[in-house]
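# Inside the fold
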Amino acid sequence: MKYQTLGVIMHDTCNAECKICSLSCGPRSQNRLNINRIKDFILSCKNTSIVQVSFTGGEPFLRYDELKELIKFTVSQGFYCNVVTNAFWAYDEKQANSIISELKELGLNSINFSFDNFHIEYIGKQAVFNAIKACKDYDLPVVVAMCKLKNDRLGNLIDELDNDYPSLNILINSCLPAGRAKQSIERDRFVLSPLANNLQCPYGGIITIHPTGKIYPCCGHEVFATCLEIGDYEHLLYPDAIKKIKNNSILYILRNYGLEPFIRWFPELASRGDNNFASPCEICSNLFENDFRFMLPKVKEFIREKYQDISL
């Protein structure tokens, strides 16, 4: 598996406090990354497999001047640059045009808007419509990301978008039982399935810096509640981080063989009494929520059987 994207969660502060937020972001959350250290980390990704940097939050536009600086820097280093936002800043068409034109001039390559029944409670619909229109006018690629629970009705929202923007890229994801969502939503409201044939990591090509500074080997939000962090961005740059990932026997098996070996070895831990899951990430969270050093004998035996010449 090749890492191609660096995800930077600039902070966990947000002007919204959505019930389905899998990162527990909100106005009172205060974890944040240092802009100069982010630049150092991005610079260390040059001449590696990383080709894209994505800035998310929380709401990254709450630090708009710093966000602009990071976009400009990222593009100047030759990386594709993406931003994820709830578009609160596009409260009228003039403001939306002003910001999108500025971002386009800085070199931003694409933008994702979080837009669903939960974000509407805080942001409303018009801001997202204004932002999408401005992106179309300035030829900035757009993805609209929607999050849903079981029996959520998104059809009316999709129809409204489709009426004005029939070729719009809309991505619908099931809500993840992580963060605030796990605490505030009953389990039977999540979209769950056995996942018997899909046990690979869906986000394994993305290395992520969490607002606390911890570095994780994927961007699935369940991972942030596990012990799978590989270090802190204050002490590691990308080359050392990727070396630690590649030298980690647990992560080696996850990258190359998926979750199946761990489920076979530790079935009760993997399922926690429930054989239906919102995503493979939930199984991963169950397995690695706590200290998992007790797994290492099994892991080493498995790798030795596969590769007799590997010394662990």
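Above this text you will find the structure in question.
The structure reproduced in this document is the subject of the present report. Just so it is clear, the model here is predicted, and its values are computed rather than measured. (Residues numbered from 1 in each chain as written. Predicted model: local features only at pLDDT ≥ 70, side-chain atom pairs only at ≥ 80, totals over all residues. Heavy atoms only, no water.)

## Focus on helix 1 (residues 35-43)
Put simply, the rule is: Partly exposed residues are those whose accessible area sits between 20% and 50% of the maximum for their type, while under 20% is buried and over 50% is exposed, using a 1.4 Å probe and protein chains only. Numbering of helices and strands starts at the N terminus; helices are DSSP runs of H or I of at least 4 residues and strands are runs of E of at least 2. Contacts were defined at the residue level, with two residues in contact if any of their heavy atoms lie within 4.5 Å. Polar contact is defined as a pair of N or O atoms within 3.5 Å, subject to the rule that within protein one atom must be able to donate a hydrogen and the other to accept it, and that residues adjacent in sequence are counted only when both atoms are side-chain atoms.
Looking at helix 1, one finds that the buried residues are Ile35, Arg37, Ile38, Lys39, Phe41 and Ile42. Residues of helix 1 that are buried in the fold lie against strand 1 (5-9), strand 2 (52-56), helix 2 (64-76), strand 7 (206-209), strand 8 (214-216) and helix 8 (238-246). For helix 1, the capping residue at the N-terminal end is asparagine 34, with a side-chain oxygen 2.9 Å from the backbone nitrogen of asparagine 36.

## Topic: unusual backbone geometry
The phi dihedral of asparagine 47 falls on the positive side, at around 60°, and the residue is not glycine. Along the chain, asparagine 47 falls in the loop between helix 1 and strand 2. A positive phi angle is found at aspartate 139, which is not glycine, with a value near 60°. Following the sequence through the fold, aspartate 139 ends up in the loop between helix 5 (126-137) and strand 5 (142-148). With a relative accessible area of 59%, aspartate 139 lands in the exposed category.

## Digging into empty space enclosed by the protein
This is how the line gets drawn: Every definition here rests on a 1 Å grid over the protein atoms only: cavities are sets of points where a 1.4 Å probe fits but cannot get out, pockets are open sets enclosed by protein on both sides within 12 Å along at least five of seven lines, and lining residues have some atom within 4 Å of a point. Grid points are joined across faces, edges and corners, and a volume is the space filled by probe spheres set on the points. Lys, Arg, Asp and Glu make up the charged group, whereas Ala, Val, Leu, Ile, Met, Phe, Trp, Tyr, Cys and Pro make up the nonpolar group; the residues left over, Gly among them, are polar.
Applying the stated criterion to the full structure yields one cavity of 30 Å³ or more. Forming the walls of the largest cavity are 21 residues, and the residues nearest its centre are Cys201, Pro217, Cys218, Leu254 and Cys284. Contributions of two or more residues to the lining of the largest cavity are made by helix 9 (249-257) and helix 12 (280-288). Here the lining of the largest cavity is built from residues that sort into 16 nonpolar, three polar and two charged.

## Notes on the packing of aromatic side chains
This is how it is decided: In summary, the pairing rule links any two rings of Phe, Tyr or Trp, Trp by its six-membered ring, whose centres are within 6.5 Å, and it sorts them by plane angle into stacked for under 30 degrees, edge-to-face for over 60 and tilted for everything else.
Per the stated rule, a full pass over the model turns up 13 aromatic pairs. On the basis of an interplanar angle of 20° and a centroid distance of 4.7 Å, the ring pair of phenylalanine 61 and tryptophan 89 is categorised as stacked. Of this pair, phenylalanine 61 sits in the loop between strand 2 and helix 2 while tryptophan 89 sits in the loop between strand 3 (80-85) and helix 3 (93-106); the two residues are 28 residues apart in sequence, bridging distant segments of the chain. Grouping residues by exposure puts phenylalanine 61 and tryptophan 89 together as buried. With a centroid separation of 5.8 Å and an interplanar angle of 65°, the aromatic rings of phenylalanine 115 and phenylalanine 129 are classed as edge-to-face. A residue pair is termed long-range when its members are at least 10 positions apart, and phenylalanine 115 in the loop between strand 4 (110-114) and helix 4 (117-123) and phenylalanine 129 in helix 5 qualify at 14 residues. Under the relative-accessibility criterion, phenylalanine 129 is labelled buried at 14%.

## Quick notes on the packing of helix 9 against helix 13 (residues 296-306)
Keep this limit in mind: For helices, the fitted line uses only the C-alpha atoms of the stretch in contact; every axis is such a line through C-alpha atoms, and the angle between N-to-C directions lies from 0 to 180 degrees. Orientation categories follow fixed angle ranges, with anything under 35 degrees roughly parallel, anything over 145 roughly antiparallel, 65 to 115 roughly perpendicular, and all other angles oblique. In this scheme, a crossing is called left-handed if the near helix is turned counterclockwise away from the far one by less than a right angle; it is called right-handed if the turn is clockwise.
Contact geometry for helix 9 and helix 13: axes closest at 10 Å, N-to-C directions at 55°. Considered as vectors, helix 9 and helix 13 are oriented oblique to each other. Classified by chirality, the crossing of helix 13 by helix 9 is left-handed. Contact residues: Ser249, Ile250, Tyr252, Ile253 and Tyr257 in helix 9; Leu296, Val299, Phe302, Ile303 and Lys306 in helix 13. Considered class by class, the residues forming the contact of helix 9 with helix 13 number eight nonpolar, one polar and one charged.

## Some remarks on helix 12
In terms of burial, helix 12 is largely enclosed, as nine of its nine residues are buried. Residues Pro280, Cys281, Glu282, Ile283, Cys284, Ser285, Asn286, Leu287 and Phe288 constitute the buried set of helix 12. Summarising the contacts, the buried residues of helix 12 are in contact with helix 9, helix 10 (260-265) and helix 11 (267-271).

## Observations concerning the sheet that holds strand 5
Whether parallel or antiparallel, the strands of a sheet pair through hydrogen bonds between backbone atoms. Heads up, the rule is: Being paired, for any two strands, means DSSP has found at least two bridges between them.
Strand order in this open sheet of nine strands is 6-5-4-3-2-1-7-8-9, and the pairing throughout is mixed. At either margin of the open sheet sits one strand with a lone partner, and together these are strand 6 (169-174) and strand 9 (231-232). In this structure, strand 4 lies alongside strand 5, joined through four bridges in parallel fashion. Residue pairing for strand 5: asparagine 112 is matched across the bridge by valine 143.

## A short note on the pattern of salt bridges
Here the idea is simple: oppositely charged side chains can pair when their charged atoms come close. To be explicit about the condition: Definition used for salt bridges: Asp or Glu carboxyl oxygen within 4 Å of a side-chain nitrogen of Lys or Arg.
One pass over the full model with this rule turns up 15 salt bridges. For aspartate 291, the salt bridge identified is with arginine 293, shortest N-O distance 2.6 Å. One continuous salt-bridge network, built from bridges that share partners, spans Glu17, Arg28 and Arg180.

## So, the pairing of strand 6
Rules: Looking down the strands as they point away from you, a crossover is right-handed if its path from the first strand over the helix to the second goes clockwise.
Here strand 5 pairs with strand 6 via six bridges, running parallel. What sits directly across from valine 143, in strand 6, is asparagine 169. Traced from strand 5 through helix 6 (residues 155-164) to strand 6, the parallel crossover comes out right-handed.

Purely geometric stuff here, so don't read any function into it on its own.
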